[in-house]
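Understanding the architecture of this molecule
Now for the letters of each chain:
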Protein chains: 4
Amino acid sequence: MTHNVAILGASGYTGAELVRLIAEHPNMTIAALSADRKAGQSMAEVFPHLRHMDLPDLCKIEEIDFSQIDLCFCALPHKTSQQVILGLPRDLKIVDLSADFRLRDPAAYKAWYGNDHAALEIQQEAVYGLTEFYRDDIRGARLVAGTGCNAATGQFALRPLIAAGLIDLDQIILDLKCAVSGAGRSLKENLLHAELSEGYNAYAIGGTHRHLGEFDQEFSAIAGRPVQVQFTPHLMPANRGILATAYVQGDPGRIYDALAGAYLKEPFLQVLPFGEAPSTHHVRGSNFCHIGVTADRIEGRAIVIAALDNLTKGSSGQALQNANLMLGEEETAGLMMAPLFP
Amino acid sequence: MTHNVAILGASGYTGAELVRLIAEHPNMTIAALSADRKAGQSMAEVFPHLRHMDLPDLCKIEEIDFSQIDLCFCALPHKTSQQVILGLPRDLKIVDLSADFRLRDPAAYKAWYGNDHAALEIQQEAVYGLTEFYRDDIRGARLVAGTGCNAATGQFALRPLIAAGLIDLDQIILDLKCAVSGAGRSLKENLLHAELSEGYNAYAIGGTHRHLGEFDQEFSAIAGRPVQVQFTPHLMPANRGILATAYVQGDPGRIYDALAGAYLKEPFLQVLPFGEAPSTHHVRGSNFCHIGVTADRIEGRAIVIAALDNLTKGSSGQALQNANLMLGEEETAGLMMAPLFP
Amino acid sequence: MTHNVAILGASGYTGAELVRLIAEHPNMTIAALSADRKAGQSMAEVFPHLRHMDLPDLCKIEEIDFSQIDLCFCALPHKTSQQVILGLPRDLKIVDLSADFRLRDPAAYKAWYGNDHAALEIQQEAVYGLTEFYRDDIRGARLVAGTGCNAATGQFALRPLIAAGLIDLDQIILDLKCAVSGAGRSLKENLLHAELSEGYNAYAIGGTHRHLGEFDQEFSAIAGRPVQVQFTPHLMPANRGILATAYVQGDPGRIYDALAGAYLKEPFLQVLPFGEAPSTHHVRGSNFCHIGVTADRIEGRAIVIAALDNLTKGSSGQALQNANLMLGEEETAGLMMAPLFP
Amino acid sequence: MTHNVAILGASGYTGAELVRLIAEHPNMTIAALSADRKAGQSMAEVFPHLRHMDLPDLCKIEEIDFSQIDLCFCALPHKTSQQVILGLPRDLKIVDLSADFRLRDPAAYKAWYGNDHAALEIQQEAVYGLTEFYRDDIRGARLVAGTGCNAATGQFALRPLIAAGLIDLDQIILDLKCAVSGAGRSLKENLLHAELSEGYNAYAIGGTHRHLGEFDQEFSAIAGRPVQVQFTPHLMPANRGILATAYVQGDPGRIYDALAGAYLKEPFLQVLPFGEAPSTHHVRGSNFCHIGVTADRIEGRAIVIAALDNLTKGSSGQALQNANLMLGEEETAGLMMAPLFP
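Below is a summary of the structure that appears in this document. (Residues numbered from 1 in each chain as written. Chains lettered and ligands numbered in written order. Predicted model: local features only at pLDDT ≥ 70, side-chain atom pairs only at ≥ 80, totals over all residues. Heavy atoms only, no water.)

So, the interface of chain C and chain D
Interface size, as often reported, equals the accessible area lost upon joining of the parts. Taken residue by residue, the interface counts 33 residues in chain C and 34 residues in chain D. Between chain C and chain D, the buried area comes to about 2,900 Å², and carbon and sulfur atoms account for 65% of it. At the junction of chain C with chain D, the criterion picks out two salt bridges. One salt bridge connects R51(C) with E276(D), and the closest N-O pair in it is separated by 3.5 Å. At the junction of chain C and chain D, the tally comes to four residue pairs in polar contact (both at pLDDT 80 or more). Classifying every residue of the side of chain C that touches chain D by side-chain character gives 15 nonpolar, ten polar and eight charged. (Contact = heavy atoms within 4.5 Å. Buried area = accessible area lost by both parts, 1.4 Å probe. Salt bridge = Lys/Arg side-chain N within 4 Å of Asp/Glu carboxyl O. Polar contact = N/O pair within 3.5 Å; in protein donor to acceptor, adjacent residues only side chain to side chain. Nonpolar A, V, L, I, M, F, W, Y, C, P; charged D, E, K, R; others polar.)

Put into structure tokens, the structure is as follows:
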């Protein structure tokens, strides 16, 4: 049986990535694509790399007959998403890729995003979409909140260590390097090729990046007490890929065992042999996350590094993985393609 | 029924690309991978991006039991390939990705490659592997010679025009831009990131590039008289992609119609609306070739531009497309994945 | 004696490049920098790479006391430039980097730019700023029109050949590759890193690029009869550099001699040994132009390739070279720095 | 008076960078260039971007008449350098860019480099070449050991803080991002464009990078007790630039004041306003180092980030700065050029 899906906000990178992935899915059909400002255009006009596909034209959301839709991906901007979802049928399965439903505490939402949430009652039913850790909840969920791409990467590196009480919770430093597609298709000066290529810099330094809201929520919940990590993202001259370098204090061998054990049966989370370094080169375009652990020369210190593709495992691949669970499909359907290298 | 295939020379980029593509094929199993100097290593050691796959370890060619192999891809260097194939069973189906069997005339081979051919009798049975133009021959072939990646791109732009007598055969100029993976995984100074990125240059200027042997052979055969094009390749700071800009003299409208007509039913050759420009961005990682035609302001002149991914449609994708025909599979099997963008 | 100069439109790339170059000039002081929308900001805010310099803050044009200015660089957008220059003192020496004063024929200007020229009488006194060919006129000029960066590159490759009657004027093809800074600091989707890096494409195909107005004007004037070249620019994933590949019909040896002879004493135009290929890598950040000539395998055909940095020799370096002449300075002052490699 | 200098090992990136910089120096002449394996070639053959310069051909070291040389730059590989310097006149002023004379303790040298030092008595007279901190010693030195490029960047971020006792010495984490030219012009697979571009990874994880020898030596000397930092370098897809992100525990305001105070009069060390982020984009090709300090949301934590060009301030620029001091020249001579942006 084929499931009909809609993608709202299909003119952005995560929308295009969803189309690319769903094209490989055995049981999913793209029944509607919306992009308000580009309604009426064909997908080939907006994304010429998809011109070989037989896709519905872009439309306005109100033109979609949701009674024919089994699941809806929302790839809309933050704040827009909550308003749109408020207007959708209350029994429609939704995977939201925005930040709007990630934080369970309305006060935390307001603190990080600056506004009151417009759809609080819906927010209550949202399940946090980090598949490997919320699998059962996601299976039964109506609304799944895709995680931040940085937040996913950092959590893959750290959750099992916090859960097992293996590291000093007050000394976690997460130095993260993110490729430019994480910033979306927006026209900003610092995203121009001439400004971005051939150099790199940190941004949102000092604990101001919004994905910290997710780290705080999740790590504190696991630990059973408030946990704050130090998190500094850097913008890299590359299109895809997040590398999270986590500096932790604990026994490197036990840290490795905890990660290797936790992810032993995970199809997408690959723990490398002890001491090996993951690279974003080796996950590009795929749903895999590579994780490496190394002991530092200073006793009781370890470096845990996680690499994934921000557009795939970091957002659209995760979204499809969650949709598979919600629709009773094989979790890996459409997602096992190998990375593109070089 | 699953076909067992072997890949000889699996430690190069075309070898890795074959593995990536075959992984998506419904009826093909990788039964053996050879790489003489890296025999004994796992594929994950040589290409960490393939670490999630269950693949045979790299071995020496002589360790392969070819009686269990339905088809063999040879991704070996030029000259090595002819010697190896000489030693393989004479009834083994082979797709060769090297230059060794592309030129039918031994004198032409010697002129372009500088040595006598070591496997002349096998050369006689080889079919030139430009799928869309040799489809029927390929179906029945035992040995198919994959084309040069530049040669394929230029031919997609020009063959129908030469065949239809639409352009001046003495005034064809092919200015081609090729990404660096076309040069393989070889350790050359000019392929270092520090030497190559952020700049570009022509090479093999003046008609010395070996792919001209293929252009001469094919275009002359179509035209029924000697045809020589002017061909200048340029090395681009990108990993994948060939853009061939062909300057031709003839009626732009008829030129467009000839190309659009010739490729109307081709799944991989996409002719863009008249006047639109193809881009290598829009074919990356895919088996598609985008072709555009524009009229110049000078009457009777047209520009025909073709874009493809050198590792996919230009070599490994083409190889799989040919293997599909040779094995009685759907020609497009394992090859319809969308390009990776961005 | 130090000359006081002003730069109007200092917040763009050519403005910043002028500042970088003038900083090395022994006898030039930057007395004023304008940028209407960023007036009041420091240059360090707009271009942090200049933060070590002691520069005037950005101001509005009307705040500049032009009686204290010896020469004014206008790095303003097209159309804006002619209006601004109309309002400047009529005896102020000006080097304009826009397209507004390049075309001598008002009809040609209107044909290429789509509007009537707003400052026709000033246009008449403008000298075309291709230094090596208009040196004497520039020395005595009040207003010099900087050339298009593509136009400069193509002319360096072709002018001596047309002047000497060495090539077929009806068979000139110019396939040009330009880096992204040529498009300026404008917020366009195709200039984003995610859209531009790792791929390339032609644009303004078919003879629609405005720099053709300059080629037509200059080549026709040299030849004494109308000359139209075929010109196709391509956008490259690099920040600086133009490579012009010119396909011409004529004797390669005589072509080489004509170029080598013409540029023998030129400090910035370097003709490479016959058969060598120039590269944009080797001129980055410098005022040099490298030129190479190769014979094609087809008799009577040659390929002439010119490489320069679009922001330096293609615009701001040329502008400073012209300013030096206008101010009685050494032509090379501030311009002899070596390229940056890698 | 002009000083005659020689550059040994001129065929590498630091050699070429020295030539580029010295070309702008008012009082320095390049009298000899050596490159053993390329002896007899012109510099233009090895580095075409220098073809406009009038330079001596590459020669063997033994062909140089050192009696005519006022100062010698050694840009040779590690281990080779100490052997060569052992054979040079004992009164020749030398700036060595290799690692051979950086570590004062022979045991530390052996521990990090794996071999006994071959020129111990010369090592004793070497002065560590971090100009801003060893200025007086360098002025009188005969042999100056250029620092590691990573080591310089980290020290600019941290030395004043350690000296002032402002940070917890046991909790210093240095996450460093380095461009590829830091690895030199060596033919290694991971330095190929196809392997390096569009991705990034850590290397020498866990405290195994040799520049740690310098950090240990210098930080311990300043602190008066052993100090070990955690240091993880990452390889970036860019040609030039190091960004060092230092995580320290101490009062952010006092940390900022200490850095701003220490570097107030330093021409090349630019401390940005509190909270601003430096970028490698803004120092490319220059001798400047930009330093930024931000307070973390966690009290008592600060992030100190330093950015410089590894080939300029990180090696050849530093070398020239030291040579200026040794020769009684203005320290900034030949080094004040603005960065190249974009």
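A few points about the relation of the copies chain C and chain D
Superposition of chain C onto chain D requires a rotation of 180 degrees combined with a translation of 0.0 Å along the rotation axis, giving an RMSD of 0.0 Å. Both copies of the chain, as the preceding transformation shows, are related through a two-fold rotation axis. Both copies present the same face, since 100% of the interface residues in chain C are matched by interface residues at the equivalent positions in chain D. (Least-squares fit on C-alpha atoms with pLDDT ≥ 70 in both.)

So, the pairing of strand β1 (residues 3-8) of chain A
All names here are of chain A. β1 sits mainly inside the fold: five of its six residues count as buried. Note: β1 against strand β2 (residues 28-34), six bridges, orientation parallel. Directly across from I7, in β2, lies its bridge partner L33. Once you follow β1 into helix α1 (residues 13-22) and on to β2, the crossover reads as right-handed. (Buried < 20%, exposed > 50% of the residue type's maximum accessible area, 1.4 Å probe, protein only. Helix = DSSP H or I, 4+ residues; strand = E, 2+ residues; numbered from the N terminus. Pairing = 2+ DSSP bridges. Right-handed = clockwise from strand over helix to strand, strands pointing away.)

Things to note about the sheet that holds strand β3 (residues 58-59) of chain B
All names here are of chain B. Strand order in the open sheet formed by seven strands is β3-β2-β1-β4-β5-β7-β6, and the pairing between neighbours is parallel. Two strands bound the open sheet, and with one partner strand each, they are β3 and β6 (127-128). Where strand β2 (residues 28-34) and β3 come together, two bridges link them in parallel fashion. By the bridge assignment for β3, S34 is matched with C59.

Topic: the interface of chain B and chain C
The interface is formed by 56 residues belonging to chain B together with 56 residues belonging to chain C. Between chain B and chain C, roughly 4,600 Å² of surface is buried when both sides are summed, and carbon and sulfur atoms account for 50% of that area. Where chain B packs against chain C, one counts four salt bridges. With a closest N to O distance of 3.0 Å, D175(C) and K177(B) form a salt bridge. Seen at the junction of chain B and chain C, the total is 40 residue pairs in polar contact (both at pLDDT 80 or more). Among the residues forming the side of chain B that touches chain C, the class breakdown is 27 nonpolar, 18 polar and eleven charged.

Regarding the relation of the copies chain B and chain C
Overlaying chain B with chain C gives an RMSD of 0.0 Å, the required rotation being 180 degrees about an axis along which the chain moves by 0.0 Å. In this assembly the copies share their binding face: 100% of the residues contributing to the interface of chain B also contribute to that of chain C.

A few points about unusual backbone geometry
Cis geometry marks the peptide bond from F341(A) to P342(A), where omega comes out at -5 degrees. With respect to the helices, strands and loops of the structure, P342(A) is situated in the segment after α11 (312-326). Located in the positive-phi region is A204(A), a residue other than glycine, with phi close to 45 degrees. Phi angles above zero are rare outside glycine, and K79(C) is one such case at about 70 degrees. Within the element layout of this structure, K79(C) appears in the loop between β4 (71-74) and α3 (80-86). Assessed through its relative accessible area of 38%, K79(C) is described here as partly exposed.

Digging into the pattern of salt bridges
Under the definition given, this model contains 80 salt bridges over all chains. For R240(A), the salt bridge is made with D309(A), and the minimal N-O distance between the two is 3.0 Å. In this pair, R240(A) is assigned in the loop between β10 (230-235) and β11 (242-249) and D309(A) in the loop between β14 (301-308) and α11, connecting sequence segments 69 residues apart. One salt bridge in this structure joins R20(D) and E17(D), with 2.8 Å as the shortest N-O distance. Placement of both R20(D) and E17(D) in helix α1 (residues 13-22) is noted, with a separation of three residues, approximately one turn of the helix.

Taken by themselves, the reported measurements are silent on function.
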